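A closer look at the structure
Residue-level listing of the chains:
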Amino acid sequence: MSRKIYVISLEAAIERKNHMVAQFTSLNINNYDFFDAINGKDERNAHLFNKYNDSKRMIRKGKPLNKSELGCFASHYLLWEKCIEQNESFFVLEDDLIVHNGFLTVYQNTLAIQKNIDFFWLESNRGQPRQCFFEHSNFGIFNFEKEFIGTLGYFITPIAAKILIKQCREWIYPVDDQMAMFYFNKISHLGCYPPCVEHSGQFESQIDHSKQKMKYRYKISREVFNARDRLYRFVFNKFMVR
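Presented here is an overview of the structure given in this document. (Residues numbered from 1 in each chain as written. Predicted model: local features only at pLDDT ≥ 70, side-chain atom pairs only at ≥ 80, totals over all residues. Heavy atoms only, no water.)

**Some points on the overall build of the chain**
The condition that has to hold: Helix numbering and strand numbering both begin at the N terminus, where a helix is a DSSP run of H or I of at least 4 residues and a strand a DSSP run of E of at least 2. Atoms counted for the radius of gyration: C-alpha only. Globule rule: 2.2 Å times residue count to the power 0.38. Relative accessibility thresholds used throughout: buried, under 20% of the residue-type maximum; exposed, over 50%; partly exposed, between the two (1.4 Å probe, protein chains only). A contact between two residues is defined here by any heavy atoms of the two lying within 4.5 Å.
Counting its regular elements, the chain contains 9 helices and 10 strands. Over its C-alpha atoms the chain spans a radius of gyration of 18 Å, differing by no more than 12% from the 18 Å that the globule rule assigns to 242 residues. Considered along the principal axes of its C-alpha atoms, the chain spans approximately 55 × 45 × 35 Å. Buried positions account for 49% of the 242 residues belonging to the chain. Counting only contacts in the chain whose residues sit at least 6 apart along the sequence, the fraction spanning at least 24 positions is 80%.

Right, dumping it as structure tokens:
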């Protein structure tokens, strides 16, 4: 039996939902549900953002998380809680991606993968795959030296969900950045290769990417923390990769 798929999608995003349904239908995948994304601009959801630490965010990046980013973080966080409460592993996908045919093979082999792997990404990585942790004739699950960018898709178990919940007691970065900092959160930094999902480019982003002027002191502190993160990543890859 294959694991369930949750697609994060705003309630009103009908076109995006239809886009995903058509792809699942073509792959003969039926075990999926749409998870209502949290609209960060809706004031009724403000109570979900009490874990956000604005002061730490400003020191590290020089600009606050916007409401869209907070809503995105909350959507994933609620799914991690669901994973733990139900004690069930599942896939998490966003609603603006292309699902390649290779996803079906990964999907059908999830139970075998899960025997030794608690978390893995489905999208591409800027780096090259290194050590293989699960091998199939059509794909492999590898670790990577660099962070994954975005949260297009991933597989998560209750073990990994508990780690993420613990490591995300404070929200400082966008959810994809905070999840990808494997040298801090200690979840498996593994990904499917070749990747089996990619951004479609068909829909306008629902995240506000408008630029804000940054104060000079924040530019300095940002670079200090960026250097710290690069150092942690280097040390982790050099000495702590299993």
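**Describing the pattern of salt bridges**
Selection rule: One side-chain nitrogen of Lys or Arg within 4 Å of one carboxyl oxygen of Asp or Glu is enough to make a salt bridge.
According to the stated counting rule, one finds 10 salt bridges in the structure shown. Across the pair glutamate 43 and lysine 67 runs a salt bridge, and its minimum N-O distance is 3.0 Å. On the criterion of sequence distance, the pair formed by glutamate 43 in the loop between strand S2 (32-36) and helix H2 (54-61) and lysine 67 in helix H3 (residues 67-86) is long-range, its members being 24 residues apart. Classification of glutamate 43 as exposed rests on a relative accessible area of 54%. Here the residues in one salt-bridge network are Arg16, Asp95 and Asp96, joined through shared partners.

**Some details on the state of the cysteines**
Rules: The disulfide criterion used throughout: a pair of cysteine sulfur atoms within 2.5 Å.
Scanning the entire structure with this criterion turns up 0 disulfides. There is no disulfide at cysteine 72, and the cysteine sulfur nearest it, in cysteine 168, is 12 Å away. Judged by relative accessible area, cysteine 72 falls into the partly exposed class, the value being 21%. Cysteine 132 takes part in no disulfide bond, and the closest cysteine sulfur to it belongs to cysteine 192, at a distance of 10 Å. For cysteine 132, a relative accessible area of 32% translates into the label partly exposed.

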